[in-house]
Structure formats: C-alpha cells, structure tokens
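# Examining the three-dimensional arrangement
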Amino acid sequence: MLGFLGISRQAQSSNEAYEFLSTGQEEVNGDTPPWALADNRVSSDIETVLGRSSSESSATPTPFRTSSPPPSCPSHRLSSSISEADGGPTSPLLASQGEAYTFRDGIRNLWHLNPNPRRMRTRERKLWRTLKKGARRIVRHPLFPKQPLTIIFALLLFTLFAISLTLLLMYILNPDKEPLPWQAYCSIPPTTTLPPHLRQTLPYPYINPLPEEIPPSFPPDDLDSLPPAGVFLGVFSTDMSLERRMLIRTTWATHPRSRNGAGTGDDGRGTSRTVVRFILGQPRKGWERRIHTEMEMYNDIVILPCPENMNSGKTHAYFTWAAENAWVPPAYFNSSGSVSQFSYSNQSTSAPRPAPHDSHFAWVEHASGRPRPWVRPDYVAKVDDDAFVMLAELESRMRVELYATGHEPYSRANATTSTPSAGIQLGLEPSGSMVWKEDLNANPAPSLPKDPLVYWGYLVKERFMAGELYGLSWRLVDWVSTSAAVKSYIQGAEDKQTAKWMTIHPQAGEIRWASERCWIYDHPRAGTVYSHGFLFPSHVERIKRSVLSYTEAVSKNYSTSPIQNSVYGLGIPTPPLWSQSSVSTFGVKYQAPLQDMTTAESEEALVEGSEMSRIREGTRADVAYAWRHREGRIGRYLNRRVGGTVVVHFIKKHMWFLETALALLEADDYSDFELESLPKSSRESMNVGLSSVWTDSSAFSHKNGSSIVGLIP
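Computed from a predicted model, the values in this text were never measured in an experiment.

Parameters at a glance
Residues numbered from 1 in each chain as written. Predicted model: local features only at pLDDT ≥ 70, side-chain atom pairs only at ≥ 80, totals over all residues. Heavy atoms only, no water. Helix = DSSP H or I, 4+ residues; strand = E, 2+ residues; numbered from the N terminus. Contact = heavy atoms within 4.5 Å. Areas by Shrake-Rupley, 256 points an atom, 1.4 Å probe, with all protein chains shown as cover. Expected span 1.5 Å × (residues − 1). Buried < 20%, exposed > 50% of the residue type's maximum accessible area, 1.4 Å probe, protein only. Core = buried A, V, L, I, M, F, W, Y, C linked by side-chain atoms within 4.5 Å. Phe/Tyr/Trp six-rings, centres within 6.5 Å; stacked < 30°, edge-to-face > 60°. Lys NZ or Arg CZ within 6 Å of the ring centre and 35° of its normal. Pairing = 2+ DSSP bridges. Polar contact = N/O pair within 3.5 Å; in protein donor to acceptor, adjacent residues only side chain to side chain. Axes fitted to C-alpha atoms, helices over the stretch in contact; angles between N-to-C directions. Parallel < 35°, antiparallel > 145°, perpendicular 65-115°, else oblique. Nonpolar A, V, L, I, M, F, W, Y, C, P; charged D, E, K, R; others polar. Disulfide = S-S within 2.5 Å. Salt bridge = Lys/Arg side-chain N within 4 Å of Asp/Glu carboxyl O.

Here the focus is the overall build of the chain. Secondary structure assignment for the chain yields 23 helices and 16 strands. Within the chain, contacts between residues separated by at least 24 positions form 73% of all contacts whose residues are at least 6 apart in sequence. Put simply, the chain shows about 39,100 Å² of open surface, and 57% of that area lies on carbon and sulfur atoms.

Here it is in structure tokens:
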C-alpha cells in the first residue's frame, strides 16, 4: 500500500510539472531561444517537484541532484530583477527584458553551429573512428608494404608519382608548347600600332593576310636626319649581381659597335643622349657597404625606396623615381640652345658627373668645366640584367617611333612634325661629320607638337610587352607616377601589370603599341620558344624572299578555293618550317656541331643561317671551307649602320653573355674570302676594329685641348 501511494505521489508530481511547463510557456519572453527555455524549465520544475516530495518525507530537505549547468551556447542572460520589482516569485524561466542580446552572444552562436556540445563530441568521435578504421584497413591490406625493402620501394613509387604529376601540371599550365614562327615575324612587319583590343588579328597558327602596301623596311632613309632620342635605360639588377653588372659595363653599355652601329657608324651621335643605369631595391644587410662602394666607383647605380623584388612593385617604383630623377644629356649641336620639340623639353637640371660608360660627348663637356644642363628623356625603358642590348639599334627604333604620327608606320609623309625647332638646320663640319647648326634667318618656331604616347617592346600574344625590355614615352611615365588607378595594379607579373596601366590610360586608344618581334629573341642555348641563332639582316633578307613567295602563292590558292576559304577564312596557316632554326631545336639542349672546333668557329656556329651552323656530326662538311666563306659584319648588315639584333635575352650564364658579346661586337668586318676580292693596298686596313673606349683618359689630355674646344659651342 505504501509503495502504491509513493507511485501515485510521483505521478501527481509529474503531472504538476507538465502542467507548469505548459502554462509557463506564455510567461516567457518571446525573444528567448526555444532550446534555452526548454532546458531551463525542465531543470527548474524537476528541482521544484523533487524538493516538494523530499520535504514531505524528511524534516531536513536534501536536494535530489544539483542544478543543471547553463547551456554551452549562451542565450539571453536570465535575471530576476523584474520578478523582484513586482514582488512576485523569482523564476529562472523569466528572461530579463533590461538586457539586450549582445553582439558577443551572436558571434558565439555563429561559431558554435551545434548548440549541444555532446553532439559535437559525438560527431568528432565518429569522424576519428572512421579515419582509424580506414587506416587500419589499409595497413592490414595484404599489398601494404611492411618490410623495409618494400617500404623503400613504395616511397620511390610515390616520389615518382608526385614528380610525374608535377611535370604534367607544368606542361598543361605552360602556354609555350610550340616554337614560334619567328621567320614570319621577320618577313611580315606589323602594319598598325593600335592597342591589341582594337586590332583584328587571327590566332596562332594563322597569320594575317598580307596588306595591300607592305610597310617600308627598317631603317628609313632619313633616319640620321632626325634628332636623336633621349633614352634612359634602367637595368634591373640585385645586390649580389656584381659580376653581371661588370660584364654589362664593359660590353654593350660602352662598346663602340654597340653605341655607333655597324660599319663606320655615326661617331656615337645617335646614342649621345642614351644613358644606362642599374636599378636596385634596398640592399640586404651585409651588402650595403659593398653597394655604396660600387656607387662611388661607377656612379651608375640607383637604389629605389622599396625592398628588392621582381613582381611586387619594383617596376612602379622605378617609373615613379624616373618621373622625378631621370635626366639625359642634351642634343650636342653647334647651337646656343638645345632642340625644343615637346612640352617637357625645357625641363632641365645641372649636369651630373657622367658614368664611365656614358657618351663621350658627355665626358668632353664634363672635362671642359662648363657642361650644359641635362634634360628630360624621351623614353624611360626597363631591361633585365640577363639581356644583351645593342644601344644603337634600340635608340634608332625608338627615334623612329618618336616622330611617327597616328598608328601608321613611320615614313617621310608623316614626318612633318619631326623636324627640329625653327632656327636649327642640318649641316656638315669640315671633317665631314654631321651637325645641327643655327639658322638666324629662319622663321619663328611653330607651336610644339603633341607629346607622343609610345609603348615599345616585344608584344606577346597580343596582350603585353615582354619584360626583358620595354619602354614608355615620357608622357606615359609622368602619368604612371601620378595616377591613383595605377597603384591598384602593381602586384603580380610586372610586364602584364604595365600593359594593364596602358589600358586604363585616359587616352588608351591613342597609345602606340610599337612591337619588335624579329630582332628580340632568346640566346641560342636557351632552348625556349623564343630561341634561335644570332640574327643578322643578310639572313633575314633571304628569309623574307622565301616567306613572301610562299605567302603570295598560298593566298592565291585560298582566294580561288571556296572550301579552303571557308575553313581558314582570310588567314594563312603557318608552316612548321617558319619555326625552324639552323642552330637550335626547341626543347633540345644545344650541342656544338663538332667537338674539336675552335672558339671562333664555335661562335660562328651560333649564327643563324651560317655555313658553320649547318655542319653536323657524320657529314663530310669542310669546317675550313665554312669558316673561309663566312660573312663579315659589313655584309651581314647589308652595308648599313643599323637594322639588326636589338636584344638577346635569357642569358643565364656568364659564358653565354661572353658568347653574345663576341658574336655581336667582335666579328671582323670582312671575311678572308671577301678580302680576296678587294685591292691589296686596302686589305690591311679593312679589318681594323673600333676597340678603343670613348672614355679613355688620353682624350682629355692638354695636347688634345684643341679638339675638345672644337666640339663645344
């Protein structure tokens, strides 16, 4: 009977708790989360019921169990202030209306997506249990390696798999899988300088049809009648690249054949306003003293206010620095003032101390004690230190683009604005050298022409100028340094970011994208898609005849065949022959034709189209015959001063750099076979090269003072 009464009381207590929970639903604040209300109500009612039953059975009440802990994900803070203010009973089920739902509580709710910590722990345990089961099954598999030898073999297989997967991804992501048709680039010059998004070009492997009028070949006949362009060339280098900087100082930055051009040259007048400086970021600790010592010695290093980097803003920092600090020598003419052509031509500063590889005209004026102020450059260019630059070739091409108008190639017809300012005319000194003289009877100078907008370089896939060398005209440099929009595009591949700058320019449609894809290439040993032998104008003329004859014949066939015309449109497919080189093969490491060749013969074998480059092991080719019938520099340049290689890139080894210097700077003007056809009296003086350096101290001695005065107006 007592047991039955105990069961009845417990049932009555449970019913009372259930009725209290159902009626208390209306008293709770609606903003409280349901799971918090349920937990609090259940814990409170159980304590009340159990407490009542315990008081009936004993005089000293003992709680049945401790109160439930608060929920792991906190809800509204509970308070009894309202109940106490009203005089009513305090209940944990009533939420405080005076405290708001805090931001911290919301963050906790978002972080703990599962409000029940037990469920979270259960899920974690299930996950670990599943992983352990999977690992246990793999380890217990019969094919799993357990012996030391099998473990090593498995690791080797895994390594090979990882390497193969990496190479496969590199191949898939590499855009350069086939050699480029460089022979077509040299035969069909670009017909427009419009920005790429405004051009109508066909994708590779098709080339655009021939224009009705092919642009004139470079150089134009009136090149030397144009005033030389001012070029500030910054060589991107690092603090540890001292050897490469010394190679540049002693080769293409100062060599007469680099500054004068081929043949007799122009006495360095074309590059008289071209300066070369090395651009570095902040040197590392331990290198600072070495760099500052080098700066004092050569006076040709610029340290930018940024850490050393390649694609993290160094290019933008360089152009920003150049907008304030880039200066070049003035035009060295026999007139009282410099030639003023553009809006920036009148900006000047006092002449600094020249670098050892600067123009000899700058050194002559510096030695006179009254040098003229330096002026703003027409171009600011950037070049990597693994590139070999022929300065006369670079300046002459930039000079032509400087005086071109619109988006048409340069010609005499559009050179009306390229004449120097009034009062200056072309004349000759008694020695026969060309100078600009003042004409006092000339009319007043007309209004200044519009500043040119030129973006010059090697156009890659109609998208951007390759980073080995590109240049911006002064107006673009000034805009890059001040534009806020440009600062959003300074992280990433620097050559691609520079192209983006040109597309966001306010006058983007007027910028001349002048591309040179024939005479900028990689070293023959590089093995890249841009690699082939050292190129000269004589071989390019032979290539042109072959390519143009093929193009004309195929164009006629495609125009008369409706089926082919519908398949290929107006484009002409590029034959694989146009990508071949007599020196190198894409993807194959270069090997000399023969193993016992001399240094001079090995250099000749690196020249594209030469007889020496066609010799192969196992053939009956005569090395002596190939060497005797090689072309001299005069023949290779077709008796012109310029028109050949501008930049050789991807020179990763110092030996490659010296090979390039020997091939482009030190070859004889005439070969033995060519000398035999000349009169005997003139043979000995034909191959006397220009080996003297312009900054020789003997040029500034007192006995040569008369010659110095003759050059100074």
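That covers the picture; the talk isn't over yet.
Quick look at helix H13 (residues 391-402) now. Here H13 spans 16 Å end to end across twelve residues, near enough to the 16 Å set by a 1.5 Å rise per residue. Counting buried residues along H13, twelve of its twelve residues qualify, which places the element largely inside the surrounding structure. Among the residues of H13, Leu-391, Ala-392, Glu-393, Leu-394, Glu-395, Ser-396, Arg-397, Met-398, Arg-399, Val-400, Glu-401 and Leu-402 are the ones counted as buried.

What follows covers helix H11 (residues 314-325). Here H11 contains twelve residues, and its C-alpha end-to-end distance of 16 Å stays within 8% of the 16 Å for a straight helix at 1.5 Å per residue. Counting buried residues along H11, nine of its twelve residues qualify, which places the element largely inside the surrounding structure. Within H11 the residues assigned to the buried category are Lys-314, Thr-315, His-316, Ala-317, Tyr-318, Phe-319, Trp-321, Ala-322 and Ala-323.

Turning next to the nonpolar core. Counting residues in each nonpolar core, the largest one holds 121 residues, and the members touching the most others are Leu-233, Trp-252 and Phe-388. Ignoring anything within four residues of it in the chain, the contact list for Phe-388 reads Thr-251, Trp-252, Val-646, Val-647, Val-648, Ile-651, Phe-657, Thr-660, Ala-661, Leu-664 and Leu-665.

Before going further, it helps to spend a moment on unusual backbone geometry. In this structure, the amide linkage connecting Phe-218 to the following residue, Pro-219, adopts the cis form with an omega of 0°. Take Pro-219: it is sitting in the loop between strand E1 (206-207) and strand E2 (231-236). One non-glycine residue with positive phi stands out, namely Glu-462, at about 55°. Positionally, Glu-462 belongs in the loop between strand E11 (454-460) and strand E12 (464-473).

Right, let's get into the packing of aromatic side chains. Summed over the entire model, instances satisfying the criterion amount to 13 aromatic pairs. Judged by centre distance (5.7 Å) and plane angle (25°), the rings of Phe-342 and Tyr-344 are stacked. Residue Phe-342 shares its accessibility class with Tyr-344, and that shared class is buried. For the ring pair Tyr-458 and Tyr-530, a centre distance of 5.8 Å and an interplane angle of 85° mean the geometry is edge-to-face. Of this pair, Tyr-458 sits in strand E11 while Tyr-530 is found in the loop between strand E14 (520-522) and helix H16 (537-560), placing the two residues 72 residues apart along the sequence. Three or more aromatic residues link up through ring pairs in this structure, and these residues are Phe-236, Tyr-318, Phe-319 and Trp-501. The aromatic ring of Trp-627 is capped on one face by Arg-630, whose charged end is 3.8 Å from the ring centroid. Above the ring of Phe-536, the side-chain terminus of Arg-636 is found at 5.1 Å from the ring centroid.

Glancing now at the pairing of E11. Counting buried positions along E11 yields seven of seven residues, so the element is predominantly enclosed. Two elements, E11 and strand E13 (residues 512-515), share four bridges in a ladder whose sense is parallel. The residue bridging Val-454 from the neighbouring strand is Arg-512, located in E13. The turn joining E11 and E12, which pair antiparallel and follow one another in sequence, is formed by three residues; a positive phi near 50° is taken by Lys-461.

What follows is about the environment of Glu-243. Mapped onto the fold, Glu-243 is located in helix H8 (residues 242-250). Separated by 411 residues in sequence, Glu-243 and His-654 have C-alpha atoms that sit 8.5 Å apart. Here His-654 takes part through its side chain, which lies 3.0 Å from a polar atom of the side chain of Glu-243.

Before going further, it helps to examine the packing of H11 against helix H15 (residues 494-503). Running from amino to carboxyl end, H11 crosses H15 at an angle of 55°, the nearest separation of the two axes being 9 Å. Comparing the axis directions of H11 and H15 gives the class oblique. Seen from H11, the contacting residues are Thr-315, His-316 and Phe-319; seen from H15, they are Glu-494, Thr-498 and Trp-501. Broken down by class, the residue content of the contact of H11 with H15 amounts to two nonpolar, three polar and one charged.

For the rest of this paragraph, the subject is the state of the cysteines. Taken as a whole, this structure holds one disulfide when the rule is applied. One disulfide bridge connects Cys-186 with Cys-518, the sulfur atoms lying 2.0 Å from each other. The sign of the 100° torsion about the S-S bond sets the Cys-186-Cys-518 disulfide as right-handed. With Cys-186 in helix H7 (residues 182-187) and Cys-518 in the loop between E13 and E14, the pair connects residues that are 332 residues apart, well separated along the chain. Cys-518 shares its class with Cys-186; the two are buried.

Moving on, we get to the sheet that holds E2. Strands sit in the order E4-E3-E2-E7-E12-E11-E13 across an open sheet of seven strands; the sheet is mixed. Both edges of this open sheet fall to strand E4 (301-307) and E13, since each of them pairs with a single strand only. With direction set aside, neighbouring strand axes in the sheet form an average angle of 30°. Judged from the five bridges that link them, strand E7 (residues 379-384) and E12 form a sheet pairing that is antiparallel. Among the inter-strand pairings, Tyr-379 is bridged to a residue of E12, identified as Ser-473. Taken strand by strand, H8 contacts E2, strand E3 (274-282) and E4, and its axis lies near 175° from that of E3. Across the sheet, H13 is in contact with E2, E3, E7, E11, E12 and E13; its angle to E11 comes to roughly 120°.

Moving on, we get to the pattern of salt bridges. Applying the stated criterion to the full structure yields 27 salt bridges. A salt bridge links Arg-284 to Asp-239; the shortest N-O distance between them is 3.0 Å. With Arg-284 in the loop between E3 and helix H10 (288-298) and Asp-239 in the loop between E2 and H8, the pair connects residues that are 45 residues apart, well separated along the chain. Salt-bridge contacts for Glu-541 lead to Lys-544; the nearest nitrogen and oxygen are separated by 3.9 Å. One end of the pair is Glu-541 and the other is Lys-544, both in helix H16 and three residues apart, which spans about a single turn. Given the relative accessible area of 26%, Glu-541 is considered partly exposed.

Looking at the element boundaries, Arg-636 is found in helix H20 (residues 633-636). Filtering out sequence-adjacent residues up to four positions away, Arg-636 remains in contact with Phe-536, Pro-537, Ser-538, Glu-604, Val-607, Arg-630 and Glu-631.

The element E3 is largely enclosed, with a buried count of eight among its nine residues. As paired strands, E2 and E3 are joined by six bridges and run parallel to one another. Considered in E3, the bridge of Phe-232 is made with Val-275. Bridge count for E3 against E4 is four bridges, and the pairing is parallel. Bridge pairing in E4 places Gln-282 opposite Pro-307.

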